[in-house]
Every structure is written in C-alpha cells, then in structure tokens.
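Structural overview
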Protein chains: 2
Amino acid sequence: MANLQDVATAAGVSKATVSRYLNGSLELPERTASLIDAAIRALDYTPNPHARRLSLGRSDTIALIVPDISSPFFATLVGAVEAEASEQGLALALYATLNSPARELSYLDLVRTGHADGLIFVTNHAGTRELAAKINRLPRCVVVDEDVLGADVPKIFCDNRQGGWLAGQHLAQAGHRHVLFVGGVDEMVSGARRHQGFAEGMAAIAGAHHRIERIRGPYTIDAGRAAGRSFVDRAPHTRPTAIFATSDELLIGLCEVLAEAGVAIPHQVSVIGFDDVGPLHLFAPAVTAVRQPVRDLGRHALRRLLAMDGTDPAKPPSEELLDVTLIARNSVAPPIRSFHRNPNSEE
Amino acid sequence: MANLQDVATAAGVSKATVSRYLNGSLELPERTASLIDAAIRALDYTPNPHARRLSLGRSDTIALIVPDISSPFFATLVGAVEAEASEQGLALALYATLNSPARELSYLDLVRTGHADGLIFVTNHAGTRELAAKINRLPRCVVVDEDVLGADVPKIFCDNRQGGWLAGQHLAQAGHRHVLFVGGVDEMVSGARRHQGFAEGMAAIAGAHHRIERIRGPYTIDAGRAAGRSFVDRAPHTRPTAIFATSDELLIGLCEVLAEAGVAIPHQVSVIGFDDVGPLHLFAPAVTAVRQPVRDLGRHALRRLLAMDGTDPAKPPSEELLDVTLIARNSVAPPIRSFHRNPNSEE
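Conventions and cut-offs
Residues numbered from 1 in each chain as written. Chains lettered and ligands numbered in written order. Predicted model: local features only at pLDDT ≥ 70, side-chain atom pairs only at ≥ 80, totals over all residues. Heavy atoms only, no water. Helix = DSSP H or I, 4+ residues; strand = E, 2+ residues; numbered from the N terminus. Contact = heavy atoms within 4.5 Å. Areas by Shrake-Rupley, 256 points an atom, 1.4 Å probe, with all protein chains shown as cover. Domains from an automatic or database assignment. Axes fitted to C-alpha atoms, helices over the stretch in contact; angles between N-to-C directions. Parallel < 35°, antiparallel > 145°, perpendicular 65-115°, else oblique. Nonpolar A, V, L, I, M, F, W, Y, C, P; charged D, E, K, R; others polar. Polar contact = N/O pair within 3.5 Å; in protein donor to acceptor, adjacent residues only side chain to side chain. Buried < 20%, exposed > 50% of the residue type's maximum accessible area, 1.4 Å probe, protein only. Arc of directions from axis to C-beta. Pairing = 2+ DSSP bridges. Least-squares fit on C-alpha atoms with pLDDT ≥ 70 in both.

Here we come to the overall build of chain A. A tally of regular secondary structure across chain A gives 12 helices and 12 strands. Long-range contacts, defined here as pairs at least 24 residues apart, represent 72% of the contacts in chain A between residues at least 6 apart. Summed over its atoms, the accessible surface of chain A is roughly 13700 Å², and 54% of this surface lies on carbon and sulfur atoms.

Below, the discussion takes up the domain arrangement of chain A. With domains assigned, chain A is organised as domain 1 (4–55), domain 2 (61–157 + 294–322) and domain 3 (160–293). The distance between the C-alpha centroids of domain 1 of chain A and domain 3 of chain A comes to 57 Å.

Moving on, we get to the packing of helix H2 (residues 15–22) of chain B against helix H3 (residues 30–43) of chain B. Residues and elements named next belong to chain B. Closest axis-to-axis distance for the H2/H3 pair is 11 Å, and the angle between their directions is 90°. With respect to each other, H2 and H3 are oriented roughly perpendicular. Contacts from Thr 17, Val 18, Tyr 21 and Leu 22 in H2 reach Ala 33, Ile 36, Asp 37 and Ile 40 in H3. Of the residues assigned to the contact of H2 with H3, the class counts are six nonpolar, one polar and one charged.

Our next topic: the side chain of Ser 247 of chain B. Residue and element names in this part refer to chain B. The residue Ser 247 is located in the loop between strand S8 (242–245) and helix H11 (248–260) in this model. A distance of 3.3 Å separates a polar atom in the side chain of Ser 247 from the backbone nitrogen of Glu 249. Each residue touching Ser 247, except ones within four places of it in the same chain, is listed here: Tyr 219, Phe 274 and Asp 275.

Attention shifts here to helix H1 (residues 4–11) of chain A. All names here are of chain A. When we look at burial in H1, the residues that qualify are Leu 4, Val 7, Ala 8 and Ala 11. For H1, the angular spread of buried residues about the axis comes to 100°, placing them on one side. Away from its buried face, by an angle of more than 90 degrees, H1 presents the exposed residues Thr 9 and Ala 10. Among the structural elements, helix H2 (15–22) and helix H3 (30–43) are those in contact with the buried residues of H1. Where H1 ends, the next residue or the one after it, Gly 12, has phi of about 70°, a positive value.

Residue and element names in this part refer to chain A. Neither face of strand S5 (residues 155–158) is open: one carries Lys 155 and Phe 157, the other Ile 156 and Cys 158, and all of them are buried. Looking at chain direction, S5 and strand S11 (residues 319–322) are connected through four bridges and run parallel. By the bridge assignment for S11, Phe 157 is matched with Leu 321.

Attention now goes to the relation of the copies chain B and chain A. At an RMSD of 0.1 Å, chain B and chain A line up after a rotation of 180° and a shift of 0.0 Å along the axis. Such a turn and shift between the copies fits a two-fold axis. Of the interface residues in chain B, 100% have counterparts in chain A that sit at the interface too, so the contact is made through matching surfaces.

A few words on the side chain of Arg 194 of chain B. Among the secondary structure elements, Arg 194 of chain B is positioned in helix H9 (residues 189–206). The residues touching Arg 194 of chain B, leaving out its near neighbours within four places in the chain, are Cys 158, Asn 160, Arg 161, Gly 164, Phe 181, Val 189, Tyr 219, Thr 246, Phe 274 and Gln 292 of chain B.

Here you go:
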C-alpha cells in the first residue's frame, strides 16, 4: 500500500509538506494542494489517523453520541459541547442514535475503532448490560443527562430530584392537591428522580392531603398528545387540576391537545413544564417550567472528559448534579373547585 | 506496527473473528470481546478504516457538516438525514461549524482524510473561493439549503423565491402596502431569492402601490430582537403595517421585543415567518409562516449523494428546488390605518 513518501514523490513535494497538509497545520496554494490530492487519489493512499494525530503532537477529536439531535434539548446540548470544543481547539464528531439501542452499540464500536480521544455519551432510554460493557471498555468516556446503569465512568446530570421538588412545591403552593405527572419511567434516573422530588415537593406543602396520578412514557410530542387526550376525555370534575409535563416535547404535545379541546390554561388546568429550552415564554399562555442548565451540562461534560487522564479506571465514578431553576410564567393558577365534585373521584 | 494477525494471536482468536468484531458484523461474548480489546490496546493496533470498509464489502459512513446544530431548523435537517441514513444502514458522522469559515475548512480537511464515503455540506453564510475549492476536491459532495458559489456539485434548496412570493402575496391580499422584510443578505441565495419573491408577490397584488423596507442580517434571535427594537422605536404612524421575519430565530427575537413593548400581533402589526420548524402554532397568537420541507431536504440530500457515482465530475451541477407551503394562522390581519398618517413617511 502507498505510503506518505510515495504521495510526496508523486506530487513533487516533501514528505513533511504532505504530512502537514494532511494534518491541517499547513495551508498550501491551490495548485500544490490539488497535486497532493490527485496523488492521494491516484495511489489510493490512506493516511493513518493515529500517526496523523501524533504528527499534530496532540489529540484533536472528541466524539459525542446523542439520541435524537432534532430535539431542541439535545440540539442545544450538542451546540454547547461544540462551542466548548471550538474554544479548546478540538474537533467534535457527532453521532445520533435515534435512541435505537442497536445504533448506539454500532456507534460505540465506530468510536472505539475511530481514534476519537474520548466520548461523551447521552442516551434517552434505560441502558442495557451490553451498553454499559461497551462504555466501560472505552479509555475515556463521560455519561451525561441520563444514567447508564453499570457504566463505571463519570456522570453529569441536572438535579432531576430538585427539579421535581420545585414543580411539586410550586403547584402545591398554588393550592393544587390533585395533580398529574407525565413522562419518564422508573428505570431512568430522570423519571425516577423527577417523580420522587415532585412527590416530596407536594408533600412539603400539602402533607398527606394530595394525590399524584402518573402517566409513564418517553419524552416525546406523541406521548404528550396521548396524555393530553386521556386528560380531556375524562369528566371535568374527575380531572387533576394541574399537570407536570416533564419535557418540552411532552409539553408541546399536551398543549396542542388542550388547545384543540378548548381546555384553557391556566383557568381550567394549570400546566408546568421541564427543560425550558423551547420558546415557552412565547406560548399562549407563557408556560411556567423547570429550566435545565443545558449549556452548562454540555460545557461541563467536555471539561470533565478532558480532565480524565484515562490511566486510572479503578477510580470510582463520580456523579455531578447541576442545579435547575423554576421559571414562573402564566400557566399556573389556583384550581377552580367544581360544584359537582365527586369525592369518590379522589379515591 | 501491529497488524490484525498480531491482535488475533494475542487474543487467542482467529484473524477473521477480530476483523468481523471490528467491523461490527459479529457480536462476541463479553470475555472474548475484552480479550480482543485488551490486545488492541496492548499492541496499539490501528485498524485501517479503508480496509475495514472493504471487509464490510460496502461503504458505511457519510459525513454531514452543518453550521449550528442547536438551531431547530438545522437540528431537524440533521435528524432527517440521520433517519434516512439509518434506513439505508449507513453511519452518519456530524460536524457543526458554528458557522465559522475556519472551522468549516478544518472539518472539510477532516472529512477528506477521514474516509467518509460522501459529504452533505450546509453553510449559513456567503461562501468563499477557498471553501468552494475544498468542496470541489471531494469525490462526492452535495450542497444543501444555502449555496456555495463556485461549488460544482449537486445543490438542493427549498424554493426560497416561491416562499417569498407566498408571503408577499399573503400580506398584500390582507391589504398591506408598507411592509418590512427582515433577514438575509443578497450574497446568500436564501436572502436574495426570498426578497425577490417577496417583492414579486407584493407587486402581483398591489402593483407599484407598495413599499418594502428591508433589514439585512443573519438568521439569529439577536438579529430578530434588533429588528424588533428598531421597529418599536419608530413613531407608530411611520411603521410598516406588517413584518416578514425570514427565519424562526428572527421571528422569536422579533416576537419577544414586540411583546415586551406591548405591540399587539396582529392588531398593531401583522407578522409572517419562514421555516415553521419551531412550535409557532402554540405562540400567542399562532404565527402564520412559510413552511420549509426540512425533512424532505434532509432525505433528498442523502439520496442524491448516494446516487452520485463520483466518477463523473465533468457533469454540470444540478440545482433541485423543493416546494414550500404557506401555513395560515392568526398573526396576519388587515392593517389599521392611522388617523395621523403622514404621507411623507411613505417616501
């Protein structure tokens, strides 16, 4: 197979010139660059990425795997990592798994064999043993946003429990005692911790005198629509008086169905969201939500990854929690008590 | 340097097993996989991606370069390409340039030397000669959404002129004769064609009896805020009666400022957007907008790229335009004529 010298000879330049051109540390005149490119194609020369990086004298590419890049939350997270990578002079290779476990595994293989200097991994479903095993085999990896059980690597999440607590306490303070929690599953830290914090926040104000219904599911617009339909299909006096939609997507689907059904927010039902990445402040009405520090999440993830020296896998994995904040807008009001309220509906 | 046989010997498995494990076509028991990974690390073995692909018997990775992945429009575009790649059994490597020309050039180098089988390139600024030259040196590339002048490759855009025409005609039909066009620059096809179509659409209804003001700039929330501030700072009777914000980001920034200033949409000013990727249907009021076929754009881009055989660079570049549609909601109404209208303000 052709080597660097063959390319240099064919292009009529020095080996060093080809090397520096390939590693991007040298800008050449159009003509020279074209000669080298032609030689590379003619000889089917394959630069060795590892050697290329050595010639750069430093590592230069980080990989980031996310579930669904078209979700504003993940898109913003990726943008933050990209901005931080840019500041650090690093390239960032992104891979979107569409939350498919098979695609996650094949991208993990691609990253392992692709000479990335480290991986930031984000999933949006409960992880598997196989997933954790592949992550543990990487020299440097940080898990962000959602846990992968069994992955012995540093983990960075937003404080989901605190976020749930803020939402529960906010609704209870407004007088709500019968509320609906939408989204997540107990197998995922986001679902389990948001729900736990939500119950604690309600109890902190309402004591035992409250009732929390729950609809489990993914953080998608469709799941939000389904939750909205099951809500509007109920007799008004049997409905919860407030809904906690635990992602922007769930909130959007829910708001669509409530609007179509003519259920007014907050007069007929109070609504509170989670993420606050989308333009909730422009919604009708502006929606109160727990805001995730999504940009900090991205910046922290890359800094934490770069801080790993990769030589101490024995060190127990750390878990870092970033604070969330409640952004109060116009979608939460005191509940309107129905005259026809049927006490049995509270059982 | 260690080769495949060295790794197989060290791991105590066959060369074929290591090869199939590395190309992802073979799932191994944990223990065997760990042995191979350990051998790879111990010997610092670098699989040759080109050879790996040959062993797969088919190409397997496409690259996609976009300006800013945190913008819902680009995020949705990327999601569509990813979904199509997934259907085709291809891996997709994503690179976000933050719209920095320097970063675009270095990612183009990374893609050229990184064995991707083709590139879908998206920029969000007027291209440079150097950018076009690097694109023309790639064996397979498709330019999407925004043109790169001088790039002799297939190009796929939404029909920007048609979109501008639909917006102009819609506002003129509602009775608007003094309107504001926000966003874009003439050096970019999106800006030039949307503005041209907008003027044609207005003229189709209003003839010469109309006036179009224009604020040029990037498709960002900040630019939208700036345009909004310059609008609300004007004496009401001198303001245009309708605004065409030519991206979701511009629209969001504009709506924020109008809301803060208490300028009611559509009673005091009509607003129409472009993109319609964000949840404009939930805004107060729901915003009328020209919808881009962003998912089709992504799907088409990948299909077009895969259809290139890369052996016929002489073929002149094709330009494919995808239809856009106007989604009428509640943000456009007939203009309210001011009693104090000063005719000079129309000069």
